[in-house]
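Given next are the chains, with one letter for each unit.
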Amino acid sequence: MHRRSFTLGSLGLAAGLAARPAFAQPLYRGPNVILVRFGGGVRRAETIDEAATWAPYLRHVLAPRGTFIPDLRIEQLEGVNTSHAEGTLNLLTGRYLAYRELPGVGDQLEPTEPTLFEYLRRAFDIPSHQVLLVNGEDRPQEEFFTFGSGAFGRGDHFGLDVRSEMLSLHRYKLYRTAMQLAEGRLPGDELLKVQEERAALLTKDPRGATPDPSPQVTAFWARWRQDFGDTGLKNPRGDRLLTELSVRALRELQPRFLMVNYQDPDYVHWGNPSHYTRAIAIIDEGLQRLVAAADADPFYRDNTIFVITPDCGRDANPLAEVPFQHHFNSRSAHETWAVIFGPGIGKGVVDRRVDQSAIAPTIAAAMGFAASRAEGRAVEEIFL
Amino acid sequence: MTHLPEPALSPADYGPGRLARLGRFLLNGTIGTFLCAGPVTAVIALGWLTRRQGHIARDRFGAAEETPGWLFGPREVEGRPTGRLARALGGLAANIRAGLMALTALLAWTLPFTLLWLGAWWAGWENSFNKGYEQAFVGPSVFLFGAMLAALILPALPLMLAHTATEDRLSAAFELRRLRGLVAQAGWRIPALSILTTLCALPFFAARGLITTAGDWAPWTQDLTPDEAAALNGQIALALGAVAFLATWTLRSLAARAYAFAAPRAAALRPGRWDGTQAAEAAQPARSRSRLITALWYVVAMTATLANAFLILAGQFLDHAWWRWLFHPALTLPWAG
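Small disclaimer: the values here were computed from a predicted structure and weren't measured.

1. Considerations on the overall build of chain A
Here comes step 1: Of regular secondary structure, chain A possesses 11 helices and 11 strands.
Here comes step 2: Counting the 384 residues in chain A, one finds 60% classified as buried.
Here comes step 3: Residue pairs in contact within chain A that sit at least 24 positions apart in sequence constitute 75% of those at least 6 positions apart.
Here comes step 4: If you sum the accessible surface of chain A, you get close to 15000 Å²; carbon and sulfur atoms cover 53% of it.

2. Notes on the overall build of chain B
Here comes step 1: Counting its secondary structure elements, chain B contains 12 helices and two strands.
Here comes step 2: Across chain B, helices and strands are ordered from the amino to the carboxyl terminus as α-α-α-β-β-α-α-α-α-α-α-α-α-α.
Here comes step 3: For 337 residues, the compact-globule estimate of 2.2 N^0.38 gives 20 Å, and the C-alpha radius of gyration of chain B, at 22 Å, lies within 12% of that figure.
Here comes step 4: Here the C-alpha coordinates of chain B stretch approximately 70 × 50 × 30 Å along the principal axes.

3. A short note on the nonpolar core
Here comes step 1: Residues Trp117(B), Met160(B), Leu182(B), Tyr259(B), Trp274(B) and Trp325(B) are the most contacted members of the largest nonpolar core, which totals 62 residues.
Here comes step 2: The element contributing the most residues to this core is helix 4 (residues 84-129) of chain B, with 13 residues.
Here comes step 3: Setting aside anything within four residues of it in sequence, one finds Trp274(B) in contact with His163(B), Arg178(B), Leu182(B), Tyr259(B), Ala263(B), Ala266(B), Ala267(B), Ala279(B) and Ala280(B).
Here comes step 4: Core analysis: the next-biggest nonpolar cluster, separate from the first, contains 48 residues, Tyr57(A), Leu58(A), Ala63(A) and Ala294(A) among them.

4. Observations regarding the packing of helix 4 of chain B against helix 5 (residues 138-153) of chain B
Residue and element names in this part refer to chain B.
Here comes step 1: With their axes 8 Å apart at the nearest point, helix 4 and helix 5 run at an angle of 165° to one another. With respect to helix 5, the element helix 4 is oriented roughly antiparallel. Every pair of crossing elements has a handedness; the one defined by helix 4 and helix 5 is left-handed. Along the contact surface, helix 4 presents Trp109, Pro112, Phe113, Leu116, Trp117, Ala120 and Gly124, while helix 5 presents Gly139, Val142, Phe143, Phe145, Gly146, Ala147, Leu149, Ala150 and Ile153.
Here comes step 2: Taken together, the residues of the contact of helix 4 with helix 5 sort by class into 13 nonpolar, three polar and no charged.

5. Section: the pairing of strand 5 (residues 131-134) of chain A
Residues and elements named next belong to chain A.
Here comes step 1: Alternating residues of strand 5 divide into Val131 and Leu133 and Leu132 and Val134, and every residue in both groups is buried.
Here comes step 2: Where strand 5 lies against strand 7 (residues 257-261), four bridges are found, and the strand directions are parallel. Among the inter-strand pairings, Val134 is bridged to a residue of strand 7, identified as Val260.
Here comes step 3: Pairing of strand 5 with strand 6 (residues 165-167), which is carried by three bridges, proceeds in the parallel orientation. Looking at the pairing, Leu133 lines up with Met166 of strand 6.

6. Describing empty space enclosed by the protein
One water molecule sets the probe size; rolling that probe over the atoms shows where empty space is left.
Residue and element names in this part refer to chain B.
Here comes step 1: Tallying each qualifying case throughout the model produces seven cavities of 30 Å³ or more.
Here comes step 2: Here the largest cavity defines a volume of roughly 250 Å³.
Here comes step 3: Along its surface, the largest cavity is lined by 18 residues, and Leu157, Pro158, Thr197, Leu251 and Ala330 are the ones closest to its centre.
Here comes step 4: Going through the elements one at a time, helix 6 (157-167), helix 8 (189-212), helix 10 (226-269) and helix 11 (291-318) are the ones with two or more residues in the lining of the largest cavity.
Here comes step 5: Sort the elements by how many residues they give to the lining of the largest cavity and helix 10 lands first, with four residues.
Here comes step 6: Considered class by class, the residues forming the lining of the largest cavity number 11 nonpolar, six polar and one charged.
Here comes step 7: As a volume, the second largest cavity reaches approximately 100 Å³.

7. Digging into the pattern of salt bridges
All names here are of chain A.
Here comes step 1: The tally for this structure, following the rule as stated, stands at 28 salt bridges over all chains.
Here comes step 2: Glu183 is paired through a salt bridge with Arg225; the nearest N and O atoms lie 2.8 Å apart. In this pair, Glu183 sits in helix 6 (residues 169-183) while Arg225 sits in helix 8 (residues 215-228), placing the two residues 42 residues apart along the sequence.
Here comes step 3: A salt bridge links Glu252 to Arg223, with the nearest nitrogen and oxygen atoms 2.7 Å apart. Here Glu252, found in helix 9 (residues 238-252), pairs with Arg223, found in helix 8; they are 29 residues apart in sequence, far enough to count as distant.
Here comes step 4: Overall, the relative accessible area of 23% leaves Glu252 in the partly exposed class.
Here comes step 5: Judged by relative accessible area, Arg223 falls into the partly exposed class, the value being 32%.

8. Brief notes about the interface of chain A and chain B
Here comes step 1: With 29 residues of chain A at the interface, the matching set in chain B holds 31 residues.
Here comes step 2: Its largest share of buried area at the contact with chain B, chain A owes to Tyr267(A), Trp270(A) and Leu319(A), together 26% of the area lost on that side.
Here comes step 3: Taken together, the connections running from chain A to chain B amount to four salt bridges.
Here comes step 4: Seen at the junction of chain A and chain B, the total is 17 residue pairs in polar contact (both at pLDDT 80 or more).
Here comes step 5: Ranked by residues supplied to the side of chain A that touches chain B, first place goes to helix 10 (residues 273-296) of chain A with six residues.
Here comes step 6: Its residues assigned to classes, the side of chain A that touches chain B comprises 11 nonpolar, 11 polar and seven charged.

9. Notes on a nonpolar patch on the surface
Here comes step 1: Side chains of Trp188(B), Ile195(B), Leu199(B), Leu202(B), Leu292(B), Ile293(B), Leu296(B), Trp297(B) and Val300(B) sit close together on the surface and give an oily, nonpolar patch of about 860 Å² of accessible area.
Here comes step 2: Elements supplying a minimum of two residues to the nonpolar patch: helix 8 and helix 11 of chain B.

10. Digging into the packing of aromatic side chains
The geometry of an aromatic ring pair comes down to the distance between the two centres and the angle between the two planes.
Residues and elements named next belong to chain A.
Here comes step 1: One pass over the full model with this rule turns up 31 aromatic pairs over all chains.
Here comes step 2: Aromatic side chains Trp221 and Trp224 sit 6.2 Å apart centroid to centroid with 85° between the ring planes, which places their arrangement in the edge-to-face category. Separated by three residues within a single helix, Trp221 and Trp224 lie in helix 8, roughly one turn from each other.
Here comes step 3: Residue class for Trp224 comes out buried when judged on its relative accessible area of 0%.

11. Description of the side chain of Glu335(A)
Residue and element names in this part refer to chain A.
Here comes step 1: Take Glu335: it is sitting in strand 9 (residues 335-341).
Here comes step 2: Here Glu335 falls in the buried class, since its relative accessible area comes to 18%.
Here comes step 3: Not counting residues within four places of it along the chain, the set of residues in contact with Glu335 comprises Val42, Arg44, Leu72, Arg73 and Gly313.

Cut-offs and rules
- Residues numbered from 1 in each chain as written.
- Chains lettered and ligands numbered in written order.
- Predicted model: local features only at pLDDT ≥ 70, side-chain atom pairs only at ≥ 80, totals over all residues.
- Heavy atoms only, no water.
- Helix = DSSP H or I, 4+ residues; strand = E, 2+ residues; numbered from the N terminus.
- Buried < 20%, exposed > 50% of the residue type's maximum accessible area, 1.4 Å probe, protein only.
- Contact = heavy atoms within 4.5 Å.
- Areas by Shrake-Rupley, 256 points an atom, 1.4 Å probe, with all protein chains shown as cover.
- Rg over C-alpha atoms; globule rule 2.2 N^0.38 Å.
- Core = buried A, V, L, I, M, F, W, Y, C linked by side-chain atoms within 4.5 Å.
- Axes fitted to C-alpha atoms, helices over the stretch in contact; angles between N-to-C directions.
- Parallel < 35°, antiparallel > 145°, perpendicular 65-115°, else oblique.
- Left-handed = near helix turned anticlockwise from the far one by under 90°.
- Nonpolar A, V, L, I, M, F, W, Y, C, P; charged D, E, K, R; others polar.
- Pairing = 2+ DSSP bridges.
- 1 Å grid on protein atoms, 1.4 Å probe; cavity = no way out; pocket = protein on both sides within 12 Å on 5 of 7 lines; lining within 4 Å.
- Points joined across faces, edges and corners; volume = space filled by probe spheres on them.
- Salt bridge = Lys/Arg side-chain N within 4 Å of Asp/Glu carboxyl O.
- Buried area = accessible area lost by both parts, 1.4 Å probe.
- Polar contact = N/O pair within 3.5 Å; in protein donor to acceptor, adjacent residues only side chain to side chain.
- Patch = residues over 30% accessible without salt bridge, like charges linked within 9 Å, V, L, I, M, F, W, Y side chains within 5 Å.
- Phe/Tyr/Trp six-rings, centres within 6.5 Å; stacked < 30°, edge-to-face > 60°.

Below you can see the structure in the form of structure tokens.
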């Protein structure tokens with residue numbers, strides 16, 4: 001066995017033992033939940049404004065299908081940054097500032113409080129491949145949201161044993177390079193390139209403790225490779241990739257809890273303004289595919305709650321040529337929204353301000369567990 | 001243009017007093033500021049600045065003439081009285097003509113690299129958006145190539161403009177051999193003008209930063225109604241118009257002086273090459289400049305120009321607008337967009 005594999009395996013086993021609950025977990029019988037991060041920082045003006053929306057399916061079809069929360073806010077707290085990783089972890093933990101920067105690498109946060117994945121898998125007997133996080137191609141920093149830092153000594157409810165699994169091109173490349181090296185069919189120079197690529201991929205996880213994927217996820221990647229090959233040029237790119245991964249995951253892995261981290265509106269920190277609106281439209285198309293896939297599948301039909309919400313807002317600067325640039329902590333960057341629909345969810349509009357930290361406990365309440373470390377409280381009025 | 005007889009008195013004896021000069025400066029500054037607030041009217045300001053630049057150079061060559069005005073034309077041309085329309089609007093027409101001429105010359109010289117920048121920006125982001133990481137090098141490479149081209153062209157631009165303005169014809173902008181002679185004679189003035197141009201680009205870069213971060217240091221801007229925002233945007237355009245006009249005025253005046261120094265010397269060294277030009281009338285004895293020194297000064301100027309390209313690029317990162325690639329005040333129109 002490779003020394004690194006042995007070390008990782010030992011760490012994983014130790015962490016798993018530390019986090020293993022003392023009692024037998026019940027089977028999960030609640031609704032499936034698909035949490036869609038309408039990510040990359042979007043303004044209300046281009047998403048939920050009835051007349052100006054670039055996401056007409058979201059606004060005109062999905063919002064009336066359940067509860068619409070037009071005034072979701074990120075709390076104005078010292079140290080709270082309205083960025084993607086931070087906003088995503090707010091959604092996943094129900095707390096602010098529940099993360100820390102990984103030492104030695106910039107812009108990579110890991111949760112310091114339990115995530116929804118961990119709460120769910122601790123409460124119920126759900127295999128890891130049915131609790132999934134789908135990430136973008138160029139967001140390696142979001143590879144660390146699957147479990148908290150407690151695996152290394154803090155808390156007893158974190159860890160590898162109750163992690164979610166990850167679907168991303170980063171993970172696929174790890175699978176592909178491992179297979180290519182194992183197959184040994186490549187000529188010398190290409191083999192060297194693959195070895196270097198794999199070494200570079202492995203350095204992107206400085207925790208060094210990410211376990212191998214489950215057999216089910218490995219089989220998922222095998223089918224992906226069969227369809228899209230090794231080049232990386234045949235599969236969809238950008239947020240269309242996330243939709244493809246998610247729809248295939250629904251069909252092949254049947255996750256009970258799936259989080260999709262859309263991200264492409266993020267291009268307009270600096271890029272062409274049209275990329276922002278185009279990216280919103282692409283996410284809207286993705287939502288259509290996801291909802292259609294769920295509605296068509298007996299495993300999901302009438303048994304799936306969708307929660308759609310941005311990670312953060314973005315600027316509303318009337319003086320700039322591009323008024324919706326994405327810098328941090330402007331007032332409108334704190335202003336988001338949420339659309340929640342599915343079985344047990346009422347139809348209507350929540351006409352009060354709701355805090356972003358309420359999303360995690362609301363999902364927990366819908367699935368039948370408690371997000372005990374969350375700061376926010378579930379939005380009770382959405383439930384029938 | 002009207003050529004008056006040789007003055008019997010020195011300008012100090014018959015010229016306007018300090019107060020009058022200050023009044024004229026303020027009047028010109030005010031008119032120029034308003035004109036530089038918009039892209040179309042900025043062409044008129046560019047024309048006035050071009051005419052004025054030619055006037056400075058010709059004045060130094062000893063050809064006395066009326067100072068260019070904004071609206072009114074001359075009362076007579078070559079001893080013959082002008083018509084009513086020419087008197088009423090001749091100055092404006094001359095400004096428009098000179099502005100279009102200068103803008104055409106500037107665009108001809110700058111489009112080769114500004115179009116590369118524009119294309120690199122759009123194609124680069126488009127490629128990035130579509131996750132074309134395999135071709136990611138194309139956008140930055142094209143931009144860098146454009147920056148190198150800009151570094152090659154921009155140091156010569158002030159003298160090219162001064163030559164065009166002095167000769168008052170578009171074809172002068174493309175007289176490469178005369179431009180080469182000018183660059184050689186101008187010496188340290190070439191990098192000095194480049195550094196000054198880069199310094200003059202700083203306020204526009206700072207303005208982009210201030211506008212982009214307005215929500216942080218002026219949170220009240222987030223509460224503006226559309227009408228209030230439009231009014232504030234108008235004031236910002238006016239302020240930037242003032243900076244653009246004053247910066248261009250300063251640069252063009254200094255470039256005219258540099259030209260007035262270099263052209264007569266270049267003309268003296270190569271009389272045949274400068275036949276028929278204004279500078280030939282004022283040719284002065286000069287010595288050939290070392291090619292090495294000329295090249296060194298030019299390299300210094302190119303370095304300053306790279307800083308200018310960086311400021312323009314960084315400004316686009318702060319707040320992007322496609323036309324700022326083509327019409328940046330440091331490049332072409334005295335309009336800050």
